[in-house]
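Spelled out, the chains give:
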Amino acid sequence: MIHKFFRRIFTRNSPTINTDPVLRTIPRKEHCISRQQISSGALKVTALLQQAGFSAFVVGGAIRDLLLGLEPKDFDVATNATPEEVRTLFRRSRIIGRRFRLVHVVYGSEIVEVSTFRANCSVNGSMGIATENHADQHGRLLHDNIFGSQEEDVMRRDFTVNALFYNPATEEILDYLNGYEDIKAKRLRIIGEPTQRYREDPVRMLRAVRLAAKLDIQLDDATAAPIGDLAPLLQNVPAARLFDEMLKLLMSGHSLACVLDLRMRGLHHGLLPMLDVILEQPLGERFITLALENTDKRVQEGKPVSPGFLFAALLWHEVLAAWNKHQATGEKPMPALHLAMVEILTLQRQQLAIPRRLDAIIYDIWILQPRFLARAGHRPFRLLEHPRFRAAYDFIMLRCESSEVDMEVGQWWKTFQHADAATREAMLLKETTPKRRKKSRRRKPAGTADHKKSDVANLAANTEK
């Protein structure tokens, strides 16, 4: 049934990217992007850098999105000024990062990310001498703070559609690698030799899948070909960085297409290791599909999405399987659920650095699920007052829609939470379990009091003697 929900991203042939970039200047009358479409913060940053004698351009995804008719999420700036020089020019700024040092410049509520032009080779910071790349045994770059020229910076970017430079002063686009034509052709091409570029940063394989789905463009043959063979390289990526990229993918508004494409290309191993098992189970496949579809819908409508809720949904059927296993060994239901939750989340944390700040919402959503089945007495009222009720309610509704739980349960709670007090009282179900009988006091044997009195009398008589 997977093919019903899978929107395959086809590949197409494309021209080979030249190793030597050739500059093409595209005027405004051709690309139609005006200064007014650039954020005020990015305009101020580029203007001040240029006034100080530096080169400065709006780069990357913002220009790509504007050319595709999309609204950019943020505007990044690239310059030949070093992070320290940028920091000196802007009072409200700070240098961040270790592997890739950047400057965040703050203008009101906007944060403009400013990067210095990078080169592909390492350079001695004090002598300016080029040395070999800082990479591990698999070819993954460990340091990327080597500054270079604008042409070198173009070549070290990931995809041609992200390698366009926009100058707000002249309203021109500088294109070195035919990225403008790729955008018009809706084609995603990696810059340089694909195998080498994926080895330098395996996360680019995930980014390729995410961008293709998000932008509704196609991977070309050369870009797509090595992905399946190089998928194991993701195991060498730090877990925290892998989680950040996976979260971007799941929050892209096209998570279902991305997850299924990851599975097809073998990239899900090391991200959500048990995703195959989940999707191959009839109930699990339906549940995950509904969860991802709802997430995509909320993102596309501009509504907030909780990462905790999403990961609770992705891991639920593994928790359910572990829960049933512990109950089969004789464990009581609630202790068994607690054991299953800790077991599955600990296992996933070894592969994917799920922040501990998400633990509370994930645990609460899971632990509240059995309480939706208790609809008698005061228990429903107490559940309504729980801070996580809304998230847990949305979760039980997903379970109902996937046929894991009887839809009557979901309908009951949908009515109960919005009903008045009298209607709620009438809706309560009768107790299905007998009340615990109070322990009766043990009766004293007949004559006990008389015996005690006679004993006291005998003791008194002996005392008088």
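Above this text sits the structure in question.
Computed from a predicted structure; not experimentally measured.

Now for the packing of aromatic side chains. One pass over the full model with this rule turns up 16 aromatic pairs. Taking the centre distance of 5.8 Å and the plane angle of 80° together, the rings of Phe 309 and Phe 395 count as edge-to-face. Of this pair, Phe 309 sits in helix H16 (residues 307–328) while Phe 395 is found in helix H20 (residues 389–401), placing the two residues 86 residues apart along the sequence. Residue Phe 309 shares its accessibility class with Phe 395, and that shared class is buried. An aromatic cluster is built from Phe 372, Phe 381, Phe 389, Tyr 393, Trp 412, Trp 413 and Phe 416, whose rings are joined through pairwise contacts. The ring of Trp 412 is capped by Arg 375, whose NZ or CZ atom sits 5.4 Å from the centre of that ring. Here the guanidinium or amino end of Arg 424 rests over the ring plane of Phe 416, the centre of that ring lying 5.3 Å away.

Right, let's talk about the pairing of strand E7 (residues 110–116) for a bit. Among the seven residues that make up E7, five are buried, leaving the element largely enclosed by the rest of the structure. Here four bridges tie strand E4 (residues 76–79) to E7, and the two strands are oriented parallel to one another. Looking at E7, one finds that Ala 78 is bridged to Ser 115. Alignment of strand E6 (residues 102–107) against E7, held across five bridges, turns out to be antiparallel. Within E7, the position partnered with Tyr 107 by the bridge is Glu 110. What sits between the antiparallel neighbours E6 and E7 is a turn of two residues, in which Gly 108 has the positive phi angle 65°.

This brings us to the packing of helix H9 (residues 203–215) against helix H12 (residues 239–250). Put simply, H9 and H12 touch, their axes get as near as 10 Å, and they point 5° apart. In this view, H9 runs roughly parallel relative to H12, as classed from their interaxial angle. When H9 is examined against H12, the residues Val 203, Leu 206, Arg 207 and Arg 210 are found in contact with a partner set consisting of Arg 241, Leu 242, Glu 245, Lys 248 and Leu 249. Along the lines of polarity and charge, the residues of the contact of H9 with H12 split into four nonpolar, no polar and five charged.

Moving on, we come to the packing of H12 against helix H13 (residues 255–265). It is the contact of H12 with H13, at a shortest axis distance of 8 Å, that shows an interaxial angle of 125°. In terms of orientation, H12 lies oblique with respect to H13. Seen from H12, the contacting residues are Met 246, Leu 249 and Leu 250; seen from H13, they are Ser 255, Cys 258, Val 259 and Leu 262. Looking at the contact of H12 with H13 residue by residue, the class counts come to six nonpolar, one polar and no charged.

Before going further, it helps to examine unusual backbone geometry. It is generally the case that most residues other than glycine have a negative phi and that most peptide bonds are trans. Phi is positive for Glu 171, close to 60°, though the residue is something other than glycine. The backbone phi angle of Asn 178 is positive, close to 60°, even though this residue is not glycine. Among the secondary structure elements, Asn 178 is positioned in the loop between strand E11 (172–175) and helix H7 (179–185).

Calculation notes
- Residues numbered from 1 in each chain as written.
- Predicted model: local features only at pLDDT ≥ 70, side-chain atom pairs only at ≥ 80, totals over all residues.
- Heavy atoms only, no water.
- Phe/Tyr/Trp six-rings, centres within 6.5 Å; stacked < 30°, edge-to-face > 60°.
- Helix = DSSP H or I, 4+ residues; strand = E, 2+ residues; numbered from the N terminus.
- Buried < 20%, exposed > 50% of the residue type's maximum accessible area, 1.4 Å probe, protein only.
- Lys NZ or Arg CZ within 6 Å of the ring centre and 35° of its normal.
- Pairing = 2+ DSSP bridges.
- Axes fitted to C-alpha atoms, helices over the stretch in contact; angles between N-to-C directions.
- Parallel < 35°, antiparallel > 145°, perpendicular 65-115°, else oblique.
- Contact = heavy atoms within 4.5 Å.
- Nonpolar A, V, L, I, M, F, W, Y, C, P; charged D, E, K, R; others polar.

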